[in-house]
Amino acid sequence: MVGQEQDKKVRRKIIVIGAGIGGLSSALKLAHAGHDVHVIDAASGPGGKMRTHPGSTGPIDIGPTVLTLLPVFERLFRSVGEDINDHVKLAREPILARHWWPDGTMLDLHENFEASHAEIQNVFGVAIGKEFEKFYHDTRALFECFDLPVMQNARPNLRQMMSAVFKKPQLIPKMRPFSTLESSLSSYFKDPRLQQLFGRYASYIGGAPQTTPALLSLIWQAEAKGVWTIKGGMNQLARAIEKLCIARGAEFTYNKAVVELRRSRDEIDTVVLENGSLIYADAVIFNGDPRAMPMGKLGNDVRHIAQNTNSEKRSLSAYVWGFDARIDAANLAHHNVFFADRPNSEFDAIQKGEMPTDPTIYICAQDRGINKPTPDVDRLEIILNAPPLSKRAPKPEDFDRCKAITFDRLQRFGLTFQRELCREHLTMPEDFARLFPASDGSLYGQSPEGMMATLKRPQCVTQIKNLFLVGGGIHPGAGVPMAALCGQLAVEEMTRRQILT
Ligand SMILES: Cc1cc2nc3c(=O)[nH]c(=O)nc-3n(C[C@H](O)[C@H](O)[C@H](O)COP(=O)(O)OP(=O)(O)OC[C@H]3O[C@@H](n4cnc5c(N)ncnc54)[C@H](O)[C@@H]3O)c2cc1C
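Residues numbered from 1 in each chain as written. Predicted model: local features only at pLDDT ≥ 70, side-chain atom pairs only at ≥ 80, totals over all residues.

Any details on the sheet that holds strand β11 (residues 267-273)? Residues and values, ideally.
Sheets are built from strands paired through backbone hydrogen bonds, the pairs being either parallel or antiparallel. What the three strands build is an open sheet, ordered β10-β11-β12; its pairing is antiparallel. Each end of this open sheet is capped by a strand with a single partner; those strands are β10 (258-264) and β12 (278-280). Averaged over all adjacent pairs, the angle separating strand axes in this sheet is 30°, with direction ignored. Where β11 meets β12, three bridges bridge the pair, whose relative direction is antiparallel. Looking at the pairing, Val-271 lines up with Ile-279 of β12. (Pairing = 2+ DSSP bridges. Helix = DSSP H or I, 4+ residues; strand = E, 2+ residues; numbered from the N terminus. Axes fitted to C-alpha atoms, helices over the stretch in contact; angles between N-to-C directions.)

Shown next, in the form of structure tokens:
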């Protein structure tokens, strides 16, 4: 009895706002530690951007499709005494992505260096194989250098970054501190097609190769380390984590938006829901776009939080198709990239606030992969980059234009779909802006432009000691593994700051 009373004394009531991967990762660790966790989300289920659309052969992914950096998730599950493989069925994809150019060139990148190198030599020649070898090893060295001191650090600063670099001064020329990714790639690769291929990775964090710093060439290493698929789609990961949270006593409330955080003295003590309900909290973790705070969407008491993010440029948005259809032609892999005619011209259009007319198009054919029979009906997600709402206001003709641009272009690659498509099959920037309040339709938080972009992101700790931020808009950045890492780092910070005891 005495033990139980003591347990009660240290049990903290923690409200997690948002069941995106960042919020779920925090909730799982907190529930496992015995805290009273209540996750509240305006959406109807877990996953946030890891969404699905109903299809005739099962749910169709219409959010992330490329699961990378698996050790981040293995660590999360292990930290609560579980093995991820007991909760989701993972498969490592031997082909990272199949790439198609308008001139008929096709290239597969593979799960290991040797196979990708052999394929590049085969398609582009021995000299270009050597260029790839140098690029691969340089980007790998950069990834290893910044992984621990920056990506796995909740609160990196310039001094820590510099000290990581000075321990390996041979990396300084590889960082190309004053170059953009586009110009750095032109010095690695003579062939514009490979510049185009590796430049595309900037869009994984919502940037354009013309403005993203050269250092972020390391992003592609996340994919080079392997890509996994999840049986049933990516949303299964969110559902598996939600289930483990519930098994540890966490409560989930869906279809309710949080509209205000109230402060008493220097701590948040009340969370206000849209229906006026008040919920008491010892600590709050916010998993929405951090820009919601300075924009006043969570009331005046937190308006001063993450102020800087409001004045920073926003990252890319997207047009995202999700549907199932019979496909004519095209030997699709699981991940496919159909390149634009003029490299990077789509980013110039986006910069001008236009819908790109010559886009690079990504297709995830969810049911395809090595050793899988070609399905009769494919579940498909098709993504085109788009400007955020602040750069381009929606127009009534957008759906028809986007449809014509997407499918005319794919037809030129010999790909047609037997399916009539309507508005519900397309998520547009304005839909993202509605689903993710204060995001401006941007999918990756603030823009990765500029050398100091990493250090300009909000961090999980705020000026209010019991309020924490997690997710793709927070350091270490966007993407499912980074948001999951952020959720874990935030709980470590809460522990370090004795918020939980
Ligand atoms: C089309 C697309 C493709 C992508 N592809 C990839 C990919 O292949 N690989 C990859 O790693 N990443 C990819 N990403 C990025 C990745 O999905 C995100 O970075 C990541 O899922 C973000 O997780 P998060 O923790 O920030 O939460 P989010 O997914 O942003 O979820 C936040 C949740 O908070 C809720 N919320 C916000 N405000 C409130 C409020 N006031 N009250 C209640 N609830 C609230 C929202 O409803 C939402 O459910 C992609 C994203 C998109 C959209």
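Describe helix α11 (residues 235-247), with residues and values.
Relative to the 18 Å expected for 13 residues at 1.5 Å per residue, α11 spans 19 Å between its end C-alpha atoms, a close match to the ideal helical length. Of the positions making up α11, those classed as buried are Asn-235, Gln-236, Leu-237, Ala-238, Ala-240, Ile-241, Glu-242, Leu-244 and Cys-245. Buried-residue contacts for α11 involve α2 (21-32), β2 (36-40), β3 (52-53), β4 (60-61), β8 (228-230) and β9 (251-253). Trailing α11 by a residue or two, Gly-249 shows a phi angle of about 95°, which is positive. (Expected span 1.5 Å × (residues − 1). Buried ≥ 20, exposed ≤ 12 C-beta atoms within 10 Å, placed from the backbone. Contact = placed C-beta atoms within 7 Å.)

Outline the nonpolar core, listing residues and values.
Counting residues in hydrophobic clusters, the biggest one holds 134 residues, and the most contacted among them are Ala-27, Val-284, Cys-460 and Ala-490. Take this core: its biggest share by element is 10 residues, from helix α17 (residues 480-496). Ignoring sequence-local partners within four residues, the contact set of Val-284 consists of Ile-15, Ile-17, Leu-261, Ile-268, Val-271, Asn-466 and Leu-467. (Core = buried A, V, L, I, M, F, W, Y, C linked by C-beta atoms within 7 Å.)

Would you mind going over the domain arrangement of the chain in detail, with residue names and values included?
Here the domain parsing of the chain yields domain 1 (9-91 + 232-312 + 451-496), domain 2 (114-224) and domain 3 (313-435). The C-alpha centroid of domain 3 is placed 26 Å from the C-alpha centroid of domain 2. On the domain 3 side, the residues contacting the 12 residues of domain 2 number 10 residues. Among the elements that make up the side of domain 2 that touches domain 3, the one with the highest residue count is helix α9 (residues 192-199) (four residues). Here the side of domain 2 that touches domain 3 is composed, by residue class, of three nonpolar, seven polar and two charged. (Domains from an automatic or database assignment. Nonpolar A, V, L, I, M, F, W, Y, C, P; charged D, E, K, R; others polar.)

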